[in-house]
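Here are the chains, one letter per residue:
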Amino acid sequence: MGCSADGGLVERAAELDRVRECIDAAAAGRGSLVLIEGVAGIGKTSVLRHACTIAAHAGCGVRFAAAGPLERDLGWNIVRQLFADVARADDAERERLLAGVNGLAAPALGLAAGSDAGALHGLYWLTADIAGASPLLLAVDDAQWADPASLSYLTYLVPRLNDLGVLVAVTVRSGEEQRSAELRALSGGRATVIGLRAMSAAATATLTRSALGDDAAAAFCEACHNVTGGNPFLLHELLEQLRRDRIQPSEESAAQVNAVRPETVTRSVLLRLSTLSEAARALANAVAILGDEGVLAQAATLAELDRADAIAAADELAGADILDAALRFVHPIVQETVLAELSALVQAYQHDRAARMLVEQRAPAERVGVHLLHTEPAGDPWVVERLREAAAAALASGAPVAAATYLERALHEPPPPPNRGLVLFELGAAQARTDLGGVQRIREALELTAEPHTRAEMMLLLGSTVGLAGDHEQAADVLHAALNEPHDDGALRVSIDAELAGHCLHASSRLGLAFERLGGVRLHRAASGSAEHALRVIAAHALICSGQLDAGAAREVALAAADSALVETGGLSQALFVAELLVYADELEAAIAVLDRRIAHARAHGSSPGVALASAFRAQAELRRGAVLRAETDARTALEVLDSEFLGYCRPYVLSFMIDVLVELDRLHEAESLLELAGPRPNWPQLWQHALLTASEARLRAAKGDHMRAAETALECGRRLAPWRPRNPTAVPWRSLAALASARVGEREEAIRLAESELAHARAMAPPRALGVALRTSGLVHGGDPGIALLRESVTVLEGSVARLEHARALVDLGAALRRSGQRADAREPLRAGLDGARRCGARALARRARDELVAAGARPRGPVDAEPELLTPSESRVARLAADGRTNREIAQALFVSLRTVETHLTHVYQKLDIGSRAQLPGALAARVPTPVSGPSATDRPRVGRDYVSA
């Protein structure tokens, strides 16, 4: 573009040096984000394209994408430009590129249907794999027009760049409109910001003389600088017009130049265009309407030109420096100037013509939709249907924001009255994919819908949406009302009932409704589908906790559901209900197997919330069976992966299980920090999961020796649980916690009352683990010979159970009681067994106590107390244990939602600290320092042959 192309790089040496530094860093594996900012015409594109040249010379792969004002509503537009080669690849190459988790990117590339969350995960790994072959530059021009879905990909990628050889370079126009939320999220993080300033007067003079002659007068050059403000594009346009007008660059002409205004310079494009043929002007207008995706045949049709005339017109426009050879405007300002000459009504009419032309040519629905967004509402049902088709395509590609934009425009058309409710519902469903904006739209749709079956479906989505946001009470009310809709779809009714029951069980104020609905569920009748399995599981969950169902019956219901498709195809909360019911029935291995399947499903779909919550519940199951270190791995994964805002109401679960693990590991300070991190949340006290967190706080207070607060907190837990009628201590043994703490502060009568109450409930209905805990508690608070007898019974009950940690704890308490009664010799055997069990479980706190008791009993215990070497950080330990289980580095990175570089770094440190040289030595090295788990790994964690180096 003559001066504009060159001028964009004048006086840019410092900026290009900064870009070069970032490219060199990316080539060394340290990626980053570069934001190139400046006003229109300042040379951002020139700097970006030169960065592409520098990167290519440095051996980087270069992928370039440019946004346009029309395409900002086209889902994944930038992503599809960046990865166009993947979509164009032959079947074999595409299958290779999209193998495994990379396949989740297929919806974003227009190759399959899927979710936006999965697409982001897949795009990240596709990017990582491409960058693994060679460093990569992702260049995005004019990001202020980028579509939200593509910006979400860049925002997802940027925090992970430090461990990738990827540089993301983005140009952004400044000084105009407020940036979108997506663009603010991208630019708000850590980035190298390069602000482009105007050229100096000296640089303007150099370019002026280069274009018009070395003899250009100083006053003339100064006038050119004053008019253009040192803007390269404006200078180019001014000089081009002066050249065409044959203005001599003399001192006398300076006054003529000084009279020109900047806006006049921009409009010189129109002056050039006016000198061209009518066909050229029509083609320019058509290209401006079609945007960057237009092709000559489409532009010719819109301009009503035959092919020969269109080609000639395109040549004219290229010669006038308006279009380039690819039928794109040479600069966005040129396109904006051409469009500005068309009235709003003309533009709307032309966009309508473009949309109808694209439909005839069977163009993708979203290409049609973006034009209809710029038409005038006219009550045309055809427009409404095309916009609904565009929305459906956007949703299928994982671009709900684009879908909502199309549907909002459909509402303004407006749709025929009978269809308005349907469009509102579709809009609400699209908005519900990203935030709660859809709730109001679904409510509006309900007001306009009379058909009972459709209303019930709408209410099911509405209830699940508000429930997902943590408002279980409102969800229950909506779903309860849905059951009153008079339709005969039994399967839908069961689905609503199951969803209703789940939300009712989480909210204390709706428990009466829960028990009313669940009381009539026939647990022993075979379920005919996932919804019926879910309903039976939720009913059994409520009944076992309230003491109305024994562990055996609960086990049958849970195992039947676990063998069904519910675990993979049902909702996440339903799968977690299955796992939790198995935990309460002491079927810990089965619970872990269910959670393994759910985690695998979540990973396959790129669902970080799914991985986080299933990992959290697996941590609970692992802890109950005594695999403390495995529990820590899962709990930390959940804590780090779960977003603090999205699904924030689930955070009490994660914090509760993590605190319980840390107490067993004797990391009380860290547990206290987590508790402080939880902070007060207005609706948490009404939730079941907050009662679990309160119980965990009581355990922490007791471990720290603050028994008064421990007792108060445990009793508060009981008060919060009261609406759930928690007679069965298998879920939350709050009475044991309160009894032990009360005994330590001298409230012996209260302690005995609480302990005996729990023991009575446990003998009547609890499985071995809960019964063993109640017996141990009762033995400790009674003391003396009666207490020792109860402790012996606790050991016996737990000896054959899956609760290896509680068995070890009972042994230690029995040994300590024997020592205190003067039976030092008899105390040593249970203390040694308890110490061995604590070590095998990885329970540091219990192991240290057992060792101290053995010393007090006159023994000399051998071996380390710590169940895991402190020299490994928690993150290193997690990675090491997954690697020892046979996971490849890629599998570990995907499981923990971290980069390959992070995994490799952790494994390198692990090898150094454990003094080993290969991956094959890792299981043995960990086993030598860390006692073996109390039970074998789950099916998905069984060791596989690994490679003998860190990068395997």
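Definitions and limits used
- Residues numbered from 1 in each chain as written.
- Predicted model: local features only at pLDDT ≥ 70, side-chain atom pairs only at ≥ 80, totals over all residues.
- Heavy atoms only, no water.
- Axes fitted to C-alpha atoms, helices over the stretch in contact; angles between N-to-C directions.
- Helix = DSSP H or I, 4+ residues; strand = E, 2+ residues; numbered from the N terminus.
- Parallel < 35°, antiparallel > 145°, perpendicular 65-115°, else oblique.
- Left-handed = near helix turned anticlockwise from the far one by under 90°.
- Contact = heavy atoms within 4.5 Å.
- Salt bridge = Lys/Arg side-chain N within 4 Å of Asp/Glu carboxyl O.
- Buried < 20%, exposed > 50% of the residue type's maximum accessible area, 1.4 Å probe, protein only.
- Core = buried A, V, L, I, M, F, W, Y, C linked by side-chain atoms within 4.5 Å.
- Polar contact = N/O pair within 3.5 Å; in protein donor to acceptor, adjacent residues only side chain to side chain.
- Nonpolar A, V, L, I, M, F, W, Y, C, P; charged D, E, K, R; others polar.
- Pairing = 2+ DSSP bridges.
- Phe/Tyr/Trp six-rings, centres within 6.5 Å; stacked < 30°, edge-to-face > 60°.
- Lys NZ or Arg CZ within 6 Å of the ring centre and 35° of its normal.

Caption draft 1: Geometry of the packing of helix α30 (residues 530–545) against helix α33 (residues 572–584). Interhelical geometry of α30 versus α33 gives an angle of 40° and a closest axis separation of 9 Å. It follows that α30 is oblique to α33 by the angle criterion. Two packed elements cross with a definite hand, and for α30 against α33 that hand is left-handed. Only Gln574, Phe577, Val578, Glu580, Leu581 and Tyr584 of α33 make contact with α30, whose side of the interface consists of Ala534, Val537, Ile538, Ala540, His541, Ile544 and Cys545.

Caption draft 2: Expanded view of the pattern of salt bridges. Per the counting criterion, the structure on display carries 51 salt bridges. Between arginine 94 and aspartate 91 there is a salt bridge, with its nearest N and O atoms 3.5 Å apart. Here aspartate 91 and arginine 94 lie together in helix α6 (residues 91–97), a separation of three residues that amounts to about one turn. Between glutamate 341 and arginine 267 there is a salt bridge, with its nearest N and O atoms 3.1 Å apart. One end of the pair, glutamate 341, is in the loop between α19 (332–340) and α20 (344–360); the other, arginine 267, is in the loop between α14 (262–266) and α15 (268–274), and 74 residues separate them in sequence. Taking the relative accessible area as the measure of exposure, arginine 267 reaches 46% and is therefore partly exposed.

Caption draft 3: Representation of the nonpolar core. Trp76, Phe83, Tyr153, Ile322, Tyr406, Trp688 and Leu922 are the most contacted members of the largest nonpolar core, which totals 291 residues. When residues in this core are grouped by element, the largest group, 10 residues, is from α30. Ignoring anything within four residues of it in the chain, the contact list for tyrosine 153 reads Trp76, Val79, Leu82, Phe83, Leu120, Leu123, Tyr124, Thr127 and Leu138. Leu16, Ile23, Leu137 and Ala169 belong to the second largest nonpolar core, which has 21 residues in total.

Caption draft 4: Examining the side chain of arginine 388 more closely. Positionally, arginine 388 belongs in helix α22 (residues 381–396). With relative accessibility at 17%, the residue arginine 388 sits in the buried group. Within the local environment of arginine 388, its side chain forms a polar contact with the side chain of glutamate 426, the two groups lying 2.6 Å apart. Sequence-distant contacts of arginine 388, defined by excluding residues within four places in its chain, comprise Leu407, Leu422, Val423 and Glu426.

Caption draft 5: Inspection of the packing of helix α37 (residues 651–664) against helix α39 (residues 688–703) at higher detail. Relative orientation of the contacting elements α37 and α39 amounts to 20°, with a least axis distance of 8 Å. With respect to their mutual orientation, α37 and α39 come out roughly parallel. Pair α37 / α39 crosses with left-handed handedness. Residue-level inspection shows Pro652, Tyr653, Leu655, Ser656, Phe657, Ile659, Asp660 and Val663 of α37 in contact with α39, the latter providing Trp688, Gln689, His690, Leu692, Leu693, Ser696, Arg699, Leu700 and Ala703. For the contact of α37 with α39, the per-class residue count stands at 11 nonpolar, four polar and two charged.

Caption draft 6: Structural view of the sheet that holds strand β1 (residues 32–38). Taken in spatial order, the five strands line up as β2-β3-β4-β1-β5 in an open sheet, and their pairing is parallel. Of all strands in the sheet, those bounded by a partner on one side alone are β2 (61–66) and β5 (192–195). If you compare each strand with its neighbour and ignore which way they point, the axes differ by 15° on average. Each of β1, β2, β3 (136–141) and β4 (166–173) is contacted by helix α3 (residues 44–57), which is oriented at about 165° to β3, the strand it contacts most.

Caption draft 7: Representation of α19 in the model. Where α19 is concerned, the buried positions are Ile333, Val334, Gln335, Thr337, Val338 and Leu339. Looking at the packing, one finds that the buried side of α19 touches β4, α12 (232–244), α14, α15, α16 (278–290) and α20.

Caption draft 8: Focus on the pairing of β4. Within β4, eight of the eight residues are buried, which leaves it mostly tucked inside the rest of the structure. The alternating pattern of β4 places Val166, Val168, Val170 and Val172 on one face and Leu167, Ala169, Thr171 and Arg173 on the opposite face, and all of these are buried. Bridging between β1 and β4 involves seven bridges; their strand directions are parallel. If you follow valine 34 over to β4, its bridge partner there is alanine 169. Both β3 and β4 contribute to a ladder of five bridges, which runs parallel.

Caption draft 9: The arrangement of the packing of aromatic side chains in detail. For the structure on display, the rule yields six aromatic pairs. On the numbers, 5.1 Å between centres and 80° between planes, the contact of tyrosine 124 with tryptophan 125 is edge-to-face. As far as burial versus exposure is concerned, tyrosine 124 and tryptophan 125 are alike and both buried. Both rings, one in tyrosine 124 and one in tyrosine 156, keep their centres 6.5 Å apart while their planes meet at 75°; by these two values the pair is edge-to-face. With a gap of 32 residues between them, tyrosine 124 in helix α7 (residues 116–133) and tyrosine 156 in helix α8 (residues 148–157) connect regions that are remote in the sequence. By relative accessible area, tyrosine 124 is classed as buried at 3%. Classification of tyrosine 156 by relative accessible area gives buried; the value is 17%. Directly above the aromatic system of phenylalanine 64 lies the positively charged group of arginine 49, at a separation of 4.2 Å from the ring centroid.

Caption draft 10: Looking closely at the environment of arginine 699. Turning to its location among the elements, arginine 699 is positioned in helix α39. You can call arginine 699 partly exposed: its relative accessible area is 25%. Each C-alpha atom, one on arginine 699 and one on valine 663, is 7.5 Å from the other, the two residues being 36 residues apart in sequence. Setting aside residues no more than four positions away along its own chain, arginine 699 makes contact with Asp660, Val663, Pro733 and Leu737.

Caption draft 11: Looking closely at the environment of glycine 571. Inspection of the secondary structure puts glycine 571 in the loop between α32 (566–569) and α33. C-alpha of glycine 571 to C-alpha of aspartate 550: the two residues are 21 residues apart in sequence and 26 Å apart in space.

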